[in-house]
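Examining the three-dimensional arrangement
Below are the chains, spelled out letter by letter.
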Amino acid sequence: MERMRRLRNGTLAFYYAFTLCGAVYRLRGGAAMYDVLLAVAAFVLPLVPQLLYRLTPLRPVYLLEIVFDGFVLAAVPFASLFGAYDWVPYWDKILHFLSGFLFATLGMAVYFTNKPGHALERADAANAALFTWMFAVLSAVLWEIWEYLVSFSGADPQQVAATGVGDTMGDMIVCTLGGLLTARACWRYLRHPERRKGLMMRLFEAYHRANLQDRG
């Protein structure tokens, strides 16, 4: 636990140093309000786990925080502040694909948090897998709705003016695929616990040990 806490502190320090450089790069010589909001969001988002710990009885899950920081760094400082969306092919689709994995894993945590007793049982495999997939699909839909609303501010992250429909459907499809693969991993994890676990199930196990294992 202490080693993971130190590792998270190190990755967080790197995140903020990288984000500061990205903010300076993006805002140099003046910028639109949307750019300022992107920079603010980049600095605030890593604080979300700490807010959740204060508002809920959840205990820290440092591995999940590290993965979350990495995803946010790729999605906001790297992609939006440094402009990777423009010079890395398909970076937008890659991020949406990865978000499917992350949100499906969060869905699995939600499922077992609300299950009476919190036990991991083979009988849960189908229901838990379906729930994790639907959680990822819901995240894709809600994100696209948010991007559409942002388009009314003058920015156009959804490319409504050009290829809005195609971009939206592509984002939803790759996120859904990422969620489906995580749902399959969830099913295998519960049906065959002796098999090797991937990163997403290790993330879930870290959450389960920290917050659910001793609360049945």
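Above this text you will find the structure in question.
Now for a description of the structure that goes with this document. (Residues numbered from 1 in each chain as written. Predicted model: local features only at pLDDT ≥ 70, side-chain atom pairs only at ≥ 80, totals over all residues. Heavy atoms only, no water.)

**As for the overall build of the protein**
Across its full length, the protein holds nine helices and zero strands. Relative to a compact globule of 216 residues, whose C-alpha radius of gyration would be 17 Å, the protein shows 18 Å and is just as compact. A principal-axis box enclosing the C-alpha atoms of the protein has dimensions of 55 × 40 × 30 Å. Put simply, the protein has 216 residues, and 42% of those count as buried. Long-range pairs, those at least 24 residues apart, make up 71% of the contacts in the protein with a sequence separation of at least 6. Total accessible area computed for the protein in this model is approximately 12200 Å², and 69% of it derives from carbon and sulfur atoms. Across the protein, the mean location of the 20 positive side-chain charges is 11 Å away from that of the 16 negative side-chain charges. (Helix = DSSP H or I, 4+ residues; strand = E, 2+ residues; numbered from the N terminus. Rg over C-alpha atoms; globule rule 2.2 N^0.38 Å. Buried < 20%, exposed > 50% of the residue type's maximum accessible area, 1.4 Å probe, protein only. Contact = heavy atoms within 4.5 Å. Areas by Shrake-Rupley, 256 points an atom, 1.4 Å probe, with all protein chains shown as cover. Lys, Arg positive; Asp, Glu negative; His and termini not counted. Charge placed at Lys NZ, Arg CZ, Asp CG, Glu CD.)

**A word on the packing of aromatic side chains**
Inspection of every chain in the model, using the stated rule, returns 13 aromatic pairs. Aromatic pair Tyr 111 and Phe 131: ring centres 5.7 Å apart, planes at 55°, arrangement tilted. Taken together, the residues Tyr 111 in helix α6 (residues 91-114) and Phe 131 in helix α7 (residues 125-150) connect sequence positions 20 residues apart. Since its relative accessible area comes to 17%, Tyr 111 is described here as buried. One Lys or Arg, Arg 28, reaches over the ring of Tyr 25 and ends 4.2 Å from the middle of that ring. (Phe/Tyr/Trp six-rings, centres within 6.5 Å; stacked < 30°, edge-to-face > 60°. Lys NZ or Arg CZ within 6 Å of the ring centre and 35° of its normal.)

**Re empty space enclosed by the protein**
Scanning the entire structure with this criterion turns up one cavity of 30 Å³ or more. Looking at the largest cavity, its volume works out to about 40 Å³. Lining the largest cavity, in full, are Leu 64, Thr 105, Leu 106, Ala 109, Leu 203, Phe 204 and Tyr 207. Elements with a minimum of two residues in the lining of the largest cavity: α6 and α9 (199-211). Here the residues of the lining of the largest cavity sort into six nonpolar, one polar and no charged. (1 Å grid on protein atoms, 1.4 Å probe; cavity = no way out; pocket = protein on both sides within 12 Å on 5 of 7 lines; lining within 4 Å. Points joined across faces, edges and corners; volume = space filled by probe spheres on them. Nonpolar A, V, L, I, M, F, W, Y, C, P; charged D, E, K, R; others polar.)

**Describing the layout of surface pockets**
Where empty space is left can be seen by rolling a probe of water-molecule size over the atoms. There is about 300 Å³ of room inside the second largest pocket. For the second largest pocket, the full set of lining residues is Met 1, Met 4, Arg 59, Pro 60, Val 61, Tyr 62, Leu 63, Arg 202, Glu 205, Ala 206, Arg 209 and Ala 210. Of the residues that constitute the lining of the second largest pocket, the class distribution is eight nonpolar, no polar and four charged.

**Examining α9**
Over its 13 residues, α9 runs 18 Å from end to end, which matches the ideal 18 Å to within 8%, given 1.5 Å per residue. When you tally the buried positions in α9, you get ten out of 13 residues, the bulk of the element. All of the buried residues along α9 are Met 200, Met 201, Leu 203, Phe 204, Glu 205, Ala 206, Tyr 207, His 208, Ala 210 and Asn 211. (Expected span 1.5 Å × (residues − 1).)

**Notes on the side chain of Thr 105**
In this fold, Thr 105 is placed in helix α6. Take Thr 105: its relative accessible area is 3%, and that puts it in the buried class. Other than its neighbours up to four places away in sequence, Thr 105 contacts Thr 182, Met 200, Leu 203 and Phe 204.

**Let's talk about the environment of Arg 8**
Mapped onto the elements, Arg 8 comes out in helix α1 (residues 2-27). Between the C-alpha atoms of Arg 8 and Glu 205, which are 197 residues apart in sequence, the distance is 17 Å.

**A look at the environment of Val 76**
As for its placement among the helices and strands, Val 76 is situated in helix α4 (residues 62-81). Separated by 135 residues in sequence, Val 76 and Asn 211 place their C-alpha atoms 29 Å apart. Once residues within four sequence positions are removed from consideration, Val 76 is found in contact with Leu 38, Ala 42, Leu 45 and Leu 81.

**Regarding a nonpolar patch on the surface**
A contiguous nonpolar patch, built from Leu 138, Val 141, Leu 142, Ile 145, Tyr 148, Leu 149 and Phe 152 and spanning about 690 Å² of accessible area, is present on the exposed surface. By the element assignment, Leu 138 lies in helix α7. (Patch = residues over 30% accessible without salt bridge, like charges linked within 9 Å, V, L, I, M, F, W, Y side chains within 5 Å. Salt bridge = Lys/Arg side-chain N within 4 Å of Asp/Glu carboxyl O.)

**Focus on the nonpolar core**
With 40 residues, the main nonpolar core has Val 61, Trp 91, Leu 95, Met 108, Phe 112 and Leu 190 as its most contacted residues. When contributions to this core are tallied by element, the ones reaching two or more residues are α1, α2 (33-44), α4, α6, α7, α8 (160-191) and α9. Of the residues forming this core, the biggest block, ten residues, is contributed by α4. The contacts of Phe 112, once residues within four sequence positions are left out, are His 118, Ala 119, Leu 120, Asp 124, Ala 128, Leu 190, Phe 204 and Leu 212. (Core = buried A, V, L, I, M, F, W, Y, C linked by side-chain atoms within 4.5 Å.)

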